[in-house]
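Below, each chain spelled out in residue letters.
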Amino acid sequence: MHGVKKYEISSRKIRIHTDCGEVITVNNSRHSASARSLRNSKYRKVCKHCKLSDERIHRFVSKDFYDPEITYVEASVKKSAPKKVLKKGMAEAAAQTAPVQTAPVQTVPAQKSEEPVTVFGKDHFSPSQRKRLEALLVSDEINLDDPTLPPYEELEAELVSKRKAELVDIYENSREHMLAKLERDISAFLISKGFIEIKSSILIPEEYIIRMGIDKDIELSKQVFRTDDGQCLRPMLAPVLYNYLRRLDKIVSDPVKIFEIGPCYRKESDGSSHLEEFTMVNFCQMGGGSTRENLIQLIDEFLTHLGISYEIEGDECMVYGATVDVMHGDLELSSAVVGPVPMDMDWGIDKPWIGAGFGLERLLKAKHNFKNIKRGSRSEFYYNGIYTNL
Ligand code: ATP
Ligand code: 9VF
Ligand code: MG
């Protein structure tokens, strides 16, 4: 037991500076369970360096913490897996999807621990172990169903050290984020092809959605994140690009070639190829040379430059009608369109055009063969596809 010289409190932690010069950080327990258990003589001995007086110890121990509002029950101790398995990172990984409910110890009803303690053989991983291992893997590195794999602890430690080495390598050598780098590559490519780069607002008037023919009862309309003042987070880049085409057409020579790369937002429910926050590049050309052949040739040069294989398919969408969809297996990389379309009138456009919209995270998913699109997205957890909770 130490004498407390001073302490700093945040909403989650308390940093305690002891009389003897130690600094201890503990969780800020709103119910003071740890302090109570210390008082109930869980402490073993008094720190000899703190030189606590009898008076100070008496004051601490004799404090009455009985609260009539709280029902005190005996808390059961849950059998837990071996310490090594419940590593810090793993607990955090599990917490990502299933937040651990921490109840104050004094209100937990007394219960016997009846949960069977499952023992997993070396070739079977528990669901939480599998989740942790999946997060630590990159692409098709290993198959978790392979019966010759080493036991969990060994495999986990091996993957953690590999991922650490990769992150150190990135930190020491390139320091580039793959999504940002892809944006720069695409930008340089399109500029070299004569397209001018646009950066417009992410918040746009909600009215633009209606003017794109996306009425309230249409699926995409329900996917739009709206603000309370008639604006929304853009679900696409086309509305503002329409406005730029119309204005630039009066200023620069024909054809007008423009593009924008930036965040777009859609409420999505499907997981592995959809993000609610993704990055779109939309390039388009209006005026001379706006032919299907040129569109396909541009798409071919674009994807060849990025080193991504593709197939072209015809499709229909409600915004433009016929589209040229660019596929990588089952994954749609882009919808491209050969205008004009009737909607052009609502945007003051009366010339032929071609355009394509690609999702950058889908391009990364295709290029790196990621199982989940999240690996290449804006993320708190993945850096260049590598899990950072190591
Ligand atoms: P999907 O049918 O796959 O939901 P979409 O046809 O609705 O896509 P488009 O409106 O054609 O998408 O958008 C152009 C491109 O933007 C898509 O081909 C895709 O690459 C990308 N994209 C669209 N929605 C998302 C999303 N939610 N997450 C990631 N990328 C997306
Ligand atoms: C094709 C994808 C309407 C002349 C400014 C350019 C296009 C891109 C389709 C995108 C969308 N369209 N998500 O239009 O390039 O708008 O649905 Si324009
Ligand atoms: Mg599409």
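Values in this document were obtained by computation on a predicted structure and should not be read as measured data.

A.B. asks: Explanation requested: the coordination of the magnesium ion (ligand 3) in the structure shown.
C.D. replies: In an ideal tetrahedron of four donors about a metal, each angle is 109.5 degrees. In an ideal octahedron of six donors, the angles are 90 or 180 degrees. At the metal site, the magnesium ion (ligand 3) is ligated by E332 (OE) and S335 (OG), and these contacts range over 2.3 Å. On the basis of relative accessible area, S335 is assigned to the partly exposed category, the value being 25%.

A.B. asks: Looking at this structure, how should I read the packing of aromatic side chains?
C.D. replies: Each aromatic ring pair is specified by the distance between its two centres and by the angle formed by the two planes. This model, assessed by the stated rule, comprises 11 aromatic pairs. Arranged with centres 6.0 Å apart and planes meeting at 70°, the rings of F195 and F283 form a pair that is edge-to-face. Note that F195 is positioned in the loop between α6 (178-192) and β4 (196-198) and F283 in strand β8 (residues 277-286), a separation of 88 residues in sequence. Just as F195 is buried, F283 falls in that class too. With 4.8 Å between their ring centres and 50° between their planes, F302 and F358 make a pair best called tilted. Of this pair, F302 sits in helix α10 (residues 292-306) while F358 sits in strand β12 (residues 353-359), and the two are 56 residues apart along the sequence.

A.B. asks: Looking at this model, I keep getting lost on the site of ligand 2. Mind explaining?
C.D. replies: Contacts to ligand 2 come from 17 residues, most closely from M280, N282, Y320, G355 and A356. The contact in question runs from an oxygen atom of ligand 2 to an N or O atom on the side chain of N282, over 2.8 Å. Broken down by secondary-structure element, the contributors of at least two residues to the shell around ligand 2 are α9 (238-248), β8, β11 (331-338) and β12. For the shell around ligand 2, the residue count by class is 12 nonpolar, four polar and one charged.

The rules behind the values
- Residues numbered from 1 in each chain as written.
- Chains lettered and ligands numbered in written order.
- Predicted model: local features only at pLDDT ≥ 70, side-chain atom pairs only at ≥ 80, totals over all residues.
- Heavy atoms only, no water.
- Donors = N, O, S within 2.8 Å, 3.2 Å for Na, K, Ca; no water.
- Buried < 20%, exposed > 50% of the residue type's maximum accessible area, 1.4 Å probe, protein only.
- Phe/Tyr/Trp six-rings, centres within 6.5 Å; stacked < 30°, edge-to-face > 60°.
- Helix = DSSP H or I, 4+ residues; strand = E, 2+ residues; numbered from the N terminus.
- Near = heavy atom within 4 Å.
- Polar contact = N/O pair within 3.5 Å; in protein donor to acceptor, adjacent residues only side chain to side chain.
- Nonpolar A, V, L, I, M, F, W, Y, C, P; charged D, E, K, R; others polar.

Any functional reading would require information that these geometric values do not contain.
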